[in-house]
Amino acid sequence: MKNKSSDQIKTTTCYMCACRCGINVHLKDGKVKYIEGNPDHPVNKGVLCAKGSAGIMQHYSPARLTAPLKRVGPRGSGEFEEISWDEAMEMATEKLRAVREKDPKRLAFFTGRDQSQALTGWFSAKFGTHNYAAHGGFCSVNMAAAGLYSIGGSFWEFGEPDWHQTKYFIMFGVAEDHDSNPIKKGIGTIKSRKGTKYVSVNPVQSGYAAIADEWLGIRPGADGLFVGALIAELIKAEKIDWNFLNRYTNSPWLVIDAPGTAYHGLFARNGSGEPMCFDTKKQAVDEFKVGTSNPAMVGTYELGDGTKATPAFQHIIEEFLSEKYNLENVENETGIKATDIERIAAEIAEVAFSEEIVIDQEWTDSYGNKHDQVIGRPVSFHAMRGIAAHKNGFETCRMIHLLQTLLGAIDGPGSFKYKPPFPRPTPPHKKNARFSAAPGEVCEAEPLGFPAGPEDLAVDENGEPTRLDKAFSWEYPLAIHGMMHMSLHNAWAGDPYKVDVFMMYMANMAWNSSMNVENAIKYMTDKDPETGDYKIPYIIYSDAFYSETVPYADLILPDTTYLERWDAISMLDRPIGTAEAAADSIRQPVVEPDRDVRPFQDVILDLGARLGLPGMVKDDGSPQYPGGYSDYLTNHERAPGVGPLSGWRGKDGESQGKGEPNQDQLKKYIENGCYWEFELPEAEQYNRFANKAYLETATKMGWMGSPEPIVLNVYNEMLQKFHLAAEGYGEHLPPEHARERIKEYFNPVPTWYPVQEHVDSKSDEYPLSALTQRPAHMYHSWGSQNAWLRQLTSQNYLYINGETAKGLGVDDLDWVWVKSPHGEVKVQAKYMDGLNPGTVWTWNAIGKRRGAWALDENSPELQKAFLLNHVLSENLTNDEGETRSNSDPVTGQGAWFDARVKIERAENQADEVTSPLIDPVKFYDKHPRPDVLQYGFDKELSFDEYERSLGTNSSVKTEKEEA
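Presented here is an overview of the structure given in this document.

Parameters and conventions
Residues numbered from 1 in each chain as written. Predicted model: local features only at pLDDT ≥ 70, side-chain atom pairs only at ≥ 80, totals over all residues. Heavy atoms only, no water. Helix = DSSP H or I, 4+ residues; strand = E, 2+ residues; numbered from the N terminus. Rg over C-alpha atoms; globule rule 2.2 N^0.38 Å. Buried < 20%, exposed > 50% of the residue type's maximum accessible area, 1.4 Å probe, protein only. Contact = heavy atoms within 4.5 Å. Areas by Shrake-Rupley, 256 points an atom, 1.4 Å probe, with all protein chains shown as cover. Lys, Arg positive; Asp, Glu negative; His and termini not counted. Charge placed at Lys NZ, Arg CZ, Asp CG, Glu CD. Pairing = 2+ DSSP bridges. Axes fitted to C-alpha atoms, helices over the stretch in contact; angles between N-to-C directions. Salt bridge = Lys/Arg side-chain N within 4 Å of Asp/Glu carboxyl O. Phe/Tyr/Trp six-rings, centres within 6.5 Å; stacked < 30°, edge-to-face > 60°. Lys NZ or Arg CZ within 6 Å of the ring centre and 35° of its normal. Parallel < 35°, antiparallel > 145°, perpendicular 65-115°, else oblique. Left-handed = near helix turned anticlockwise from the far one by under 90°. Nonpolar A, V, L, I, M, F, W, Y, C, P; charged D, E, K, R; others polar. Core = buried A, V, L, I, M, F, W, Y, C linked by side-chain atoms within 4.5 Å.

Attention now moves to the overall build of the protein chain. Scanning the protein chain from terminus to terminus reveals 27 helices and 35 strands. Taken over C-alpha atoms, the radius of gyration comes to 28 Å for the protein chain, in line with the 30 Å a tight globule of 963 residues would show. For the C-alpha atoms alone, the extent of the protein chain along its principal axes is close to 85 × 75 × 65 Å. The burial tally for the protein chain puts 64% of its 963 residues in the buried class. Summarising the internal contacts of the protein chain: among those between residues at least 6 apart in sequence, 70% fall at separations of at least 24. Surface summary for the protein chain: the accessible area is close to 34100 Å², and the carbon and sulfur share equals 46%. In the protein chain, the 99 positive side-chain charges and the 137 negative ones have mean positions that sit 3 Å from each other.

If you want it as structure tokens, here you go:
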């Protein structure tokens, strides 16, 4: 019997979450029939999760937009008129051209989880606006900034545990929907190996935490204090990798101790700018030289002019041996027993120093020292949003990297390892644009980058923000991913100025990607009482689906699904590499759209050409990339020889990393399964921050500008420069109103502080922390409109510790009100034992707005499911009456995990419907909706007919065979 399920197989890259797994898409008569993992792909090796398999239902979703739309009713009504692409592009071009000719910064452009920021950021710079940001500031910028400013890399996309050799693994608050296949594979590897321990630090014992060898149900926002206590215990026991600290960190560098001067807290340097140390053999202050100096790590010494100085490590000791990290205090704050903290610190030390891994591998460091071996401390850590989405998250992330550094557990066998193109200098050299351009001009840099000091901030002559979202200002200096979550509020408030066009891509900011739903809707629909015009004059939005945000736009540019377009997961952006190999990948159109839609990347390039933006048009004014995004991927160069894709470069396709454009490049990717991989020699896989051979390779490949070693920061001099500026020293000073805040939060040594909601005057009235996360089988708001994934979770509950609930008079499955100072929501509560007693939580984005996503009006997602966003706020007012963004004060990370609530049992238990139920938007009915979904058949079949349709098929052709 022949299997008629498919007649062709095409490879591409999954888009159902941020894993970027390789997939094989089975086609039958030009339609998608089955999706499986690509066993050759470096990310997933054939593993595919429920999200990936359910990509079929995303592709054939009845919520797919079908044509460009022009709003004809009030914002929010969902009343649109279908228009042609010619008209839509003319409308968008007219609006954008008027902005560019008047004042480019009056375009605000914010994108969601689009994975093409290298293109959209470049477009913004060429347009002339620096009001651009992406999803990261709402997600995990704390983690990225802390890592890049400390060790030149970070967790997840920038690094990973050495799953195959680690012996002690601690995971902090990792979202189960992100990077799930590699993490599942990694944890599986650890769990199958004897002598390896896995510890989960998480208030919630779901998913990854449920299978840990030890679960620590920590109180939200207290992770940094726990890590600080571990550091204190290691310092007390002197379980420190002194050799690693001496060679590869700034621990021995002398720090000037001269309070009240412009150089207090800065490194002492000689006339050539080289750092100084106290050499214990010479008994003198001397230039620090790796492998030659014998530096002191503690003490106080005099410089030539009598100024006192102390090694940077002395500051670490003073911070972590302070009363703050006293075990009794830490136990009270974290909920983790002091005896457990002592034990875990001892276990870490035992594994790191008694079970070290030694590899006989010759390598030379960047300072000219030759080594016969690579030493590994097989202790590894992994962290994500659970520690990032707090107002103290930047410091928590820094502490975890400091803990790794003290152990010498960075980029060695069994520890955290970088993924190419990381590590990068600390911080990376790429600068952010400080201002938008003059009319008709381009920005001097792309909107997002890495400040190296106060001089790089996006502020005007008075020290006030020049960006709409106030990223890179004295309010949020290291907001390296921007602050998308503040953009709507600031545009509505005209703070610091108004915008004319607000453009979004895949950012569901009227629903789950808002800090508060009602506020977001208000910002988009509010009108100026004097003129009657919307306060945000014009909104352009691109999405593939009829989300909750679509009804609020004036112009809709409908996107394709991920199976209908070209994409690049680029080394210029967020590549797919592993610790052992650099890699990038593409998506190819495996089917043609059956609707009047266009890939947003094509639309952006078309808009750029219509506007005549530099780099997007030729000298004669014709489009630079007439073939659209595939043309751009092949021919665009960000620097000579450096393009979006690293594989098969050069005219002959024989170059990797750098090389002139190759017109057959995309064909080569397709023949190779839509990915490129460059495995590093083993001698270049370790100690890459100071591995001479690796750094030379990285420079040759275009990942770094030069092969200079990267110094790991236990003490961050740049943060001290901000502190000094707040004290009035330097050429670039903060305005008076920002000074105390900078002095409080900018410290060269990592520290911990409680967040506002945990200690303010309302903290007793609202005693419970409230968290959200996505289930492993869904991602953002996309999954809960998916016909297959909805069957796994169509309603979310508020999970509450059973003993806590009983104390509040709440029974299992009771309906309760969740109340905060910012709002309330009625939900159904469910007991959960594996939960911190002071914490409640739920799955995020299950609840949908009526009318959106083409869901049936009786769907549980519309009636019983809910959003916790109703009790959040993008702004907070402290006890002194000062209102600020609900964000980390250093990086601008949205701090929605700091929310505090109280729970009250609902009086009416019979009305099993959530509240608030916002008025429905107009239903989108462009696709037929079967009452019973029987996918893959033109007509409904009985079970017997279905069984008879199955068989074997030897005629399926893969792309490699066809090639």
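We are not done yet, so read on.
Spatially, the 4 strands line up as an open sheet ordered β11-β10-β9-β19, and their pairing is parallel. Unpaired on one side and paired on the other, β11 (214–216) and β19 (379–383) mark the two borders of the sheet. Strand-to-strand twist in this sheet, taken as the mean axis angle between neighbours without regard to direction, amounts to 15°. Judged from the 5 bridges that link them, strand β9 (residues 168–172) and β19 form a sheet pairing that is parallel.

We now examine the pattern of salt bridges. Opposite charge on two side chains permits them to pair, given that their charged atoms come into close proximity. If you walk through the whole model with that rule in mind, you get 52 salt bridges. Linked by salt bridges that have partners in common, Lys197, Glu214, Asp340, Arg343 and Glu347 make up one network.

A few words on the sheet that holds strand β25 (residues 581–587). Pairing is antiparallel in the open sheet, where 3 strands are placed in the order β24-β25-β26. The open sheet is flanked by β24 (567–569) and β26 (675–679), the only strands paired with a single partner. When the angles between neighbouring strand axes are averaged without regard to direction, this sheet yields 10°. Relative to β26, β25 runs antiparallel, the two being bridged by 5 bridges. What sits directly across from alanine 583, in β26, is glutamate 677.

Bringing the packing of aromatic side chains into the picture now. Under the defined criterion, the tally for this structure stands at 38 aromatic pairs. Where phenylalanine 155 meets phenylalanine 416, the ring centres are 5.6 Å apart and the plane angle is 85°; that geometry is what we call edge-to-face. Of this pair, phenylalanine 155 sits in the loop between α5 (141–148) and β8 (159–161) while phenylalanine 416 sits in strand β20 (residues 416–418), and the two are 261 residues apart along the sequence. Judged by its relative accessible area of 0%, phenylalanine 416 falls in the buried class. Through successive ring pairs, a cluster of aromatic residues spans Phe109, Phe123, Phe127, Tyr132, Tyr505 and Phe600. Stacked on the ring of tyrosine 538, the Lys or Arg lysine 95 has its end atom at 4.6 Å from the ring centre. A cation over a ring is seen here: arginine 424 above phenylalanine 422, with NZ or CZ 4.9 Å from the ring centre.

What follows deals with the packing of helix α15 (residues 484–493) against helix α16 (residues 517–525). Where α15 contacts α16, the two axes come as close as 9 Å, and the packing angle between them is 40°. By the angle between their directions, the pair α15 and α16 is classed as oblique. When you trace α15 past α16, the crossing you get is left-handed. Here Leu488, His489 and Trp492 of α15 lie close against α16, whose contacting residues are Ala520, Lys522, Tyr523 and Met524. The class makeup of the residues in the contact of α15 with α16 is 5 nonpolar, 1 polar and 1 charged.

This paragraph deals with the nonpolar core. Soluble globular proteins: nonpolar side chains tend toward being buried together. Grouped together as the largest cluster of nonpolar side chains are 277 residues, with contacts concentrated most on Phe172, Phe226 and Phe502. Leaving out residues up to four positions away in the same chain, phenylalanine 226 has contacts with Phe172, Val201, Leu216, Ile218, Val330, Thr334, Ile336, Ile341 and Ile344. In terms of nonpolar packing, the next biggest core, distinct from the first, is built from 10 residues, Ile256, Ala258, Ala296 and Ala309 among them.

The residue after phenylalanine 422, namely proline 423, is reached through a cis peptide bond having omega 15°. Among the structural elements, proline 423 can be located in the loop between β20 and α15. Between aspartate 495 and the following residue, proline 496, the backbone shows a cis peptide bond with an omega angle of 10°. Its place among the elements puts proline 496 in the loop between α15 and β21 (501–505). Positive phi, normally seen in glycine, also occurs at aspartate 29, with a value near 55°. Within the element layout of this structure, aspartate 29 appears in the loop between β2 (22–28) and β3 (31–37).

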